[in-house]
Amino acid sequence: MGLNDSSPGAMRNGRGLSDQWADSVVVRPRTTEHHITVHKRLVLGFALSILTLIIVTAVAVLLSVRFEECGTERDGTAGSNSRGSGGSGKFNGSRGERTGERGEEELAQPWRNSRLPGAVRPRHYDLRLAVYMDNFTFSGEVSIELECVNATKFIVLHTDRLEVTSVSVSSDIISTRTNNKPGGGTLRVHRHFAFPANQLYVIALHRELKPMRAYRLNMSFEAVIENELLGFFRSSYTLHREKRYLAVTQFSPIHARKAFPCFDEPIYKATFSVSLRHDPQYISLSNMPVESSSLADEDGWVTNRFTQTPRMSTYFLAWSVCNFTYRETQTQRGVKIRLYARPDAISSGAGDYALQITKRLLGFYQDYFRVQYSLPKLDLLAVPKHPYAAMENWGLSVFVEQKILLDAEVSSSSYQMELTMVVVHEICHQWFGDLVTPVWWEDVWLKEGFAHFFEYVGTDFLFPKWNMEKQRFLTDVLHEVMILDGLRSSHPISQEVVQATDIDRVFDWIAYKKGAALIRMLANVMGQRLFQKGLNVS
């Protein structure tokens, strides 16, 4: 494309063209300088953006660290201010003094570990509760006798949704394994606070607890009787067009902490003394028989104190406040068996079948295991709503109504068989689970596998013609679990459990049915006589 011929000096001895070319040549350096200047500005802007991002990130990290420290201090300070323990200092100095290693942090702050530290362990709980059924709340006091295993300044235990109102620690007893004598008095509490992330409560002391000594932890608390079928919850039923309420517990696997401060892991077995105070229109039940009952002069409320339990895990503790009636029977060895249910269900005889087979099963298991039933009574409680078919609380087994009440006139044989197997399963747990308990939830298959296997053995004892162990076990358990075990989603019967959220997943058909299949295989390999002898204590 040529230049415009009409321009001044278009072609005068080639001068016009030469001047124009010269002008174009002069412009090139200016254009290059302009581009370089623009590039420098872009690079500078980009560098400033990166620097700003780094500064903002550093500030955010520092603020988050400071927020975490302030949160911990606030929990501790609030607990100490509102409950009179005093103190607002940090446990471990400034953030910069920490190593950052998770293990060292959990050692310095044991409440950051999802498992209890194990420096102290409970020996006995004295639990006193007042239950208010009019507004579905309760308050309580617990006195825990502790044994110090390793020197520590912290007492760490479980609470969940409890409002702790007071805390005190005393060393009333100084003990060794062979000697007990009066000792020390009240210990000064530096501060105490909840750590909801791990459902823990922390009591920090000014001085260390000494190994091989016994201490007493006293805590007062308040909470709501929940409507979610876990912890200490409420249920209802209708009788004569009137809605009635009851309250009952479901602590397995990790819900005792919703009802009282405790060391809520299976390994921390202890004895329990329970007292329940409530309106006299209700009755109260617990694992053991009522030791004493008294009426208060000021409000007419009744207080039932129950006999001390044997050593057991927290999730087997149970109680109920209800207005049920009961039928009862008694074994040859004097164990009293009662079935509590709605008054209309009791009057209709709906609980008689379960009551009679329970009596026979207690005798069967005592003879099979050669271990006597450990408690003086066994209550079967039929509730309208429950998260599971049943729960094997020691001395107070709780069933949903559909799994224990039987109307002989209208119930089918399959329904009778299902109900029978549920009762057989739960009564077996009075030995496998209550008396002998896995240390941790990864071995839950041991108690559930044995109970599931004995569903068929115990039912064969009650009804030999059903031929449960030889036939139904193959179709209902072995064949079904072999299909499940062939899936990619299968897993070993013993699963690692780290967090509390992992516990529920171990209660699946692999644990129940594969565990039962392995136990049955072992019994067949050993022979029934040798297998039974292996389960006997002597």
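Keep in mind the model is a prediction, meaning the values are calculated, not measured. (Residues numbered from 1 in each chain as written. Predicted model: local features only at pLDDT ≥ 70, side-chain atom pairs only at ≥ 80, totals over all residues. Heavy atoms only, no water.)

Here we look at the overall build of the protein
Per the secondary structure count, the protein includes 9 helices and 20 strands. Out of the 538 residues in the protein, the part that is buried amounts to 48%. Across the protein, contacts joining residues at least 24 apart in sequence account for 68% of those joining residues at least 6 apart. Carbon and sulfur atoms provide 55% of the accessible area of the protein, an area that totals close to 26,900 Å². (Helix = DSSP H or I, 4+ residues; strand = E, 2+ residues; numbered from the N terminus. Buried < 20%, exposed > 50% of the residue type's maximum accessible area, 1.4 Å probe, protein only. Contact = heavy atoms within 4.5 Å. Areas by Shrake-Rupley, 256 points an atom, 1.4 Å probe, with all protein chains shown as cover.)

A word on the sheet that holds strand 19 (residues 390–391)
In space, the 5 strands of this open sheet follow the order 16-17-18-20-19, with mixed pairing throughout. The open sheet is flanked by strand 16 (325–330) and strand 19, the only strands paired with a single partner. Where strand 19 and strand 20 (residues 396–400) come together, 2 bridges link them in antiparallel fashion. In the strand pairing of strand 20, M391 is matched with V398. Sitting on the sheet, helix 4 (residues 352–369) is in contact with strand 16, strand 17 (336–341) and strand 18 (377–383), with an inclination near 155° to strand 17. (Pairing = 2+ DSSP bridges. Axes fitted to C-alpha atoms, helices over the stretch in contact; angles between N-to-C directions.)

Some points on the side chain of N393
Relative to the assigned elements, N393 resides in the loop between strand 19 and strand 20. Setting aside its immediate chain neighbours within four residues, N393 contacts N287, Y315, F316, L317, A318, V398, Q430 and D434.

As for the side chain of N304
Mapped onto the elements, N304 comes out in strand 14 (residues 302–306). A polar atom in the side chain of N304 sits 2.7 Å from the side chain of S293. Not counting chain neighbours up to four residues away, the residues in contact with N304 comprise V274, S275, L276, H278, S284, V290, S292 and S293. (Polar contact = N/O pair within 3.5 Å; in protein donor to acceptor, adjacent residues only side chain to side chain.)

So, the pairing of strand 13 (residues 290–295)
Among the 6 residues in strand 13, 0 count as buried, and that is only a small part of the element. Alignment of strand 13 against strand 14, held across 5 bridges, turns out to be antiparallel. What sits directly across from L295, in strand 14, is V302.

Some words on the sheet that holds strand 9 (residues 231–239)
As summarised here, the arrangement of the 4 strands in space is 9-10-15-12, forming an open sheet in which the pairing is antiparallel. Of all the strands in the sheet, the pair left with one neighbour each is strand 9 and strand 12 (283–286). Across the sheet, the axes of successive neighbouring strands diverge by a mean angle of 15°, strand direction being ignored. With 4 bridges joining them, strand 12 and strand 15 (residues 319–322) adopt antiparallel strand pairing. Opposite S286, over in strand 15, you have W319 as the bridge partner.

Here we look at unusual backbone geometry
Looking along the chain, the bond that leaves S252 and enters P253 is cis, with omega of 0°. Here M212, not a glycine, exhibits a phi torsion of approximately 70°, which is positive. Examined against the element boundaries, M212 turns out to sit in the loop between strand 7 (200–209) and strand 8 (214–224). Of note in the backbone geometry, L229 takes a positive phi value of approximately 70° without being a glycine. As for its placement among the helices and strands, L229 is situated in the loop between strand 8 and strand 9.

Observations regarding the nonpolar core
With 122 residues, the main nonpolar core has I155, I203, L217, F260, F263, W319 and Y365 as its most contacted residues. A total of 10 residues in this core trace back to one element, the largest contributor, which is helix 4. Not counting the four nearest positions on each side in its chain, I155 is found in contact with V120, L146, V169, Y201, V202, I203, L205, L209, L217 and F263. (Core = buried A, V, L, I, M, F, W, Y, C linked by side-chain atoms within 4.5 Å.)

Quick notes on the confidence of the model for the protein
Taken as a whole, the protein shows an average pLDDT of 85; of its residues, 81% reach a score of 70 or greater. With pLDDT under 50 throughout, residues 2–31 is counted as low confidence; its partners more than four residues away or in other chains account for 8 contacts. (pLDDT = per-residue confidence, 0-100.)

What to know about the packing of helix 4 against helix 5 (residues 413–429)
Between two packed helices, what matters for the description is the angle formed by their axes and the separation of those axes. Packing of helix 4 against helix 5 brings their axes to within 10 Å, and their N-to-C directions diverge by 45°. By the angle between their axes, helix 4 is oblique relative to helix 5. Taken as a pair, helix 4 and helix 5 cross one another with a handedness that is right-handed. Between helix 4 and helix 5, the contacting residues are Y353, A354, I357, T358, L361, L362 and Y365 on the first element and Q416, L419, T420, V423, V424, I427 and C428 on the second. Taken together, the residues of the contact of helix 4 with helix 5 break down into 11 nonpolar, 3 polar and no charged. (Parallel < 35°, antiparallel > 145°, perpendicular 65-115°, else oblique. Left-handed = near helix turned anticlockwise from the far one by under 90°. Nonpolar A, V, L, I, M, F, W, Y, C, P; charged D, E, K, R; others polar.)

Quick word on the pattern of salt bridges
Evaluation of the coordinates by the stated rule reveals 28 salt bridges. A salt bridge links E242 to R244, with the nearest nitrogen and oxygen atoms 3.9 Å apart. In this structure, E328 engages R338 in a salt bridge whose closest nitrogen and oxygen atoms are separated by 2.7 Å. Here E328, found in strand 16, pairs with R338, found in strand 17; they are 10 residues apart in sequence, far enough to count as distant. Put simply, D126, R128, E141 and R305 are held in one network by salt bridges that share partners. (Salt bridge = Lys/Arg side-chain N within 4 Å of Asp/Glu carboxyl O.)

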